[in-house]
Amino acid sequence: MQEIQGQAKTVRQLMSVKYAIDYYQREYKWETKQIQELLEDLTETFLEDYRKEHSPIAVKDYGRYFLGSIIISKKYSTNYIVDGQQRLTSLTLLLLFLRNQQENAPRQVAIDNLIYSEQYGTKSFNIDVDECEPAMLALFDQQSMDDSNTPDSVRTILARYADIGQFFPDEVSSQALPFFIDWLIDNVHLVEITAFSDDHAYTIFETMNDRGLSLSPTDMLKGFLLSSIKDTYKRTEANDQWKLRVQGLQNVGKEGESDFFKAWLRGQYAYSIRERNKNAKPGDFDRIGTEFHRWVRDHSDSRGQDRLILRESDDFFAFIRHDFDFFSRQYLRLMEASRGLVPGLEHVLYNAKQGFTLQHMLLLAPLSPSDSEDDTLRKQRLVAMYLDILLSRRVLTGHRNTYSSMYYGMFLATRQLRGLSAEGLAHKLRELYEAEAAQEENGLAPVSWLGLHSQNRSPLHLILARLTDYVDQESGEPSSYLKYVNEVSGQRFEVEHIWADKPEQHLDEFSDPNMFRDRRNRLGGLLLLPKSFNASFGDLPYEQKQPHYLSQNLLARSLHPQCYERNPGFVEFAKRSGLPFRAHEQFYSEEIEMRQDLYCALAERIWHPDQLLHEVGG
């Protein structure tokens, strides 16, 4: 029998060789959530040690991070991945992103050999999947790619790369970037297990994944809570209730129950969080994220400021029968609202589309099992509206809503929402917004220079979807938001430029192509249109393109004079709102600035913080 080898390797060591994937392996399937969690774990670990005054050699002494194991079957001198394809592909996408990010940096870390090799002028990626190679080349060359009529795995790769761009934290994007790259490739480790036949490799895989049924944190929490209920009948009743609710949570998704407990316990009971300095100890927020079952056990008899009081048998029974039952039902309703438009909770979907994973913690924070149904819904709507206002205004002022930039402040806000009435909650949320705005030079007002770039295409798509849908609805048309964010099968909508990418058509205004593209990318020069429209008309000059806008959404139609003649609902809205709508027979820099002003005025109406007080009659 040939030997089986196991060896710890750094990312540099692991990614500098080529890997193949057998035809029967599943496609790349990671979703946004997994990419977010990977980025959060890596960047948070790095930032615990990084300091601006450090020299590059200091990275050698930074903490290590273990990314798990992979299983390789060695056949004909080729490394075939048996287990670990998802992580290695995601690492490749991260390395591609980092390579592109450091392109113009004063200090660049050499990582090309961890992504590809080149022979006779042809690039060959180290993760070798034929059908994905065109997508990888497009990402490498920083070119857009038409993903229509492509395999699911190609669309997934392009989407996850976009996720990395959206969620990669600002704190690591500039001066810290080369330090992070050094740390990633030399301080992040995986264990590579190598077998020399498929049979041996799959035996290892099955042994590591299928032997024994380890208890989940949810199972261990259940055991602790039920064992503390002394009355047999109550224990049985609590157990039946637990199974019913956990089944519903499991139906939400693979980690539905775990995500619920983290959101509930953090929202209702956590008081502390790890301070952002070296050697700081984990707080309630952090421990709940990694071991919520142990945290409950350790805090069950706390006599300090904790709201979690579990001392007597009846406390444990009430915790399951009333608290767990109530909050799990609310969580399931919020999860439904995060996947489709639920009347009264539309803002939950808007926040979910922005990838804001912390919202459920805040949405559960002000609730109480004693709340009426109306009060419960009003509180959820208020918190979701506050988050929508805050997140959208941050995008409109050029910020990115990454986990690392938001989680600390959001947890501090969470603690202030507990136990408030709906009216008190509205005033507290307005106060929190003002505190956030006070930290910004322009007070979170939409900025006139905002434009499209490689890292904000997805957030600006969502902004344009809201602007476009708002104009539709205020003009008496039904909501098309789900269509605009591509949640409805059929036409695919994309951010499109009003100007074609032809600087030679604008030499009278711009002698420098870079200045032309900067102005072309301004928010006021963008529309949300079906992909097929751009394919047909995108290269045309504005004067030839303008008549075709009449067949599109009202925000696009408003560029044409006929929009103000044949749309009474829109004309009435424009008059009532006083917004600076106007047709444009020509479209130069001045017209882009006018549209920018229009979009900013629309944004002020949609995301005005006074709406929070209006919800409670203020």
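Residues numbered from 1 in each chain as written. Predicted model: local features only at pLDDT ≥ 70, side-chain atom pairs only at ≥ 80, totals over all residues. Heavy atoms only, no water.

Visitor: So what's going on with the nonpolar core? Which residues, and what values?
Guide: The nonpolar side chains of a soluble globular protein tend to be buried with one another. Counting residues in hydrophobic clusters, the biggest one holds 124 residues, and the most contacted among them are Leu225, Trp264, Met410, Leu467, Phe581 and Leu602. Contacts of leucine 467, omitting those with residues within four sequence positions, involve Leu555, Tyr599, Leu602, Ala603, Ile606 and Trp607. (Core = buried A, V, L, I, M, F, W, Y, C linked by side-chain atoms within 4.5 Å. Buried < 20%, exposed > 50% of the residue type's maximum accessible area, 1.4 Å probe, protein only. Contact = heavy atoms within 4.5 Å.)

Visitor: Please give an account of the pairing of strand 4 (residues 78-83) that cites residues and values.
Guide: Across a regular strand the side chains alternate sides, sitting on one face of the sheet and then on the other. By the bridge criterion, five bridges tie strand 3 (residues 65-75) to strand 4 in an arrangement that is antiparallel. Across the sheet, residue lysine 74 finds its bridge partner in strand 4, namely asparagine 79. If you look at the hairpin formed by strand 3 and strand 4, you'll find two residues sitting between the two strands, and tyrosine 76 has a positive phi there, around 55°. (Pairing = 2+ DSSP bridges. Helix = DSSP H or I, 4+ residues; strand = E, 2+ residues; numbered from the N terminus.)

Visitor: Quick rundown of the packing of helix 2 (residues 32-47) against helix 6 (residues 177-187)? Include the residues and the values.
Guide: Where helix 2 contacts helix 6, the two axes come as close as 11 Å, and the packing angle between them is 110°. Regarding the angle of helix 2 to helix 6, the classification is roughly perpendicular. Contacts between helix 2 and helix 6 pair Leu42, Thr43, Thr45 and Phe46 from the former with Phe179, Phe180, Trp183 and Leu184 from the latter. Its residues assigned to classes, the contact of helix 2 with helix 6 shows six nonpolar, two polar and no charged. (Axes fitted to C-alpha atoms, helices over the stretch in contact; angles between N-to-C directions. Parallel < 35°, antiparallel > 145°, perpendicular 65-115°, else oblique. Nonpolar A, V, L, I, M, F, W, Y, C, P; charged D, E, K, R; others polar.)

Visitor: If you had to explain the packing of helix 16 (residues 403-417) against helix 17 (residues 422-438) to someone new, which residues and values would you point to?
Guide: Each pair of packed helices gets described by two things: the angle between the helix axes and the distance between those axes. For the pair helix 16 and helix 17, the least separation of the axes is 10 Å and the interaxial angle reads 155°. With respect to helix 17, the axis of helix 16 lies roughly antiparallel. Between helix 16 and helix 17 the crossing geometry is right-handed. Here Met410, Ala413, Gln416 and Leu417 of helix 16 lie close against helix 17, whose contacting residues are Leu425, Lys428, Leu429, Leu432 and Glu436. Partitioning the contact of helix 16 with helix 17 into residue classes produces six nonpolar, one polar and two charged. (Left-handed = near helix turned anticlockwise from the far one by under 90°.)

Visitor: For the packing of aromatic side chains, give the residues involved together with the corresponding values.
Guide: Aromatic ring pairs are reported here in terms of the distance separating the ring centres and the angle at which the planes meet. For the structure on display, the rule yields 42 aromatic pairs. Centre to centre, the rings of phenylalanine 573 and phenylalanine 581 are 5.9 Å apart; their planes meet at 65°, and the pair counts as edge-to-face. Aromatic ring contacts, followed pair by pair, group Trp242, Phe260, Phe261, Trp264, Tyr269, Phe292, Phe319, Phe324, Phe326, Phe327 and Tyr331 into a single cluster. Sitting over the face of the ring of phenylalanine 317, lysine 234 holds its NZ or CZ atom 5.4 Å from the ring centroid. The cationic tip of arginine 266 hangs over the ring face of phenylalanine 285; the distance from NZ or CZ to the ring centre is 3.7 Å. (Phe/Tyr/Trp six-rings, centres within 6.5 Å; stacked < 30°, edge-to-face > 60°. Lys NZ or Arg CZ within 6 Å of the ring centre and 35° of its normal.)

Visitor: Before we move on, could you go through the pattern of salt bridges and cite the residues and values that matter?
Guide: Pairs can form between side chains of opposite charge once their charged atoms are near each other. A full pass over the atoms with the stated rule returns 37 salt bridges. Between arginine 99 and aspartate 112 there is a salt bridge whose closest N-O contact spans 3.0 Å. Here aspartate 112 lies in the loop between helix 3 (85-101) and strand 5 (116-119) and arginine 99 lies in helix 3, a separation of 13 residues in the sequence. What makes aspartate 112 partly exposed here is its relative accessible area of 30%. Arginine 287 serves as the salt-bridge partner of glutamate 291, at 2.9 Å between the closest nitrogen and oxygen. (Salt bridge = Lys/Arg side-chain N within 4 Å of Asp/Glu carboxyl O.)

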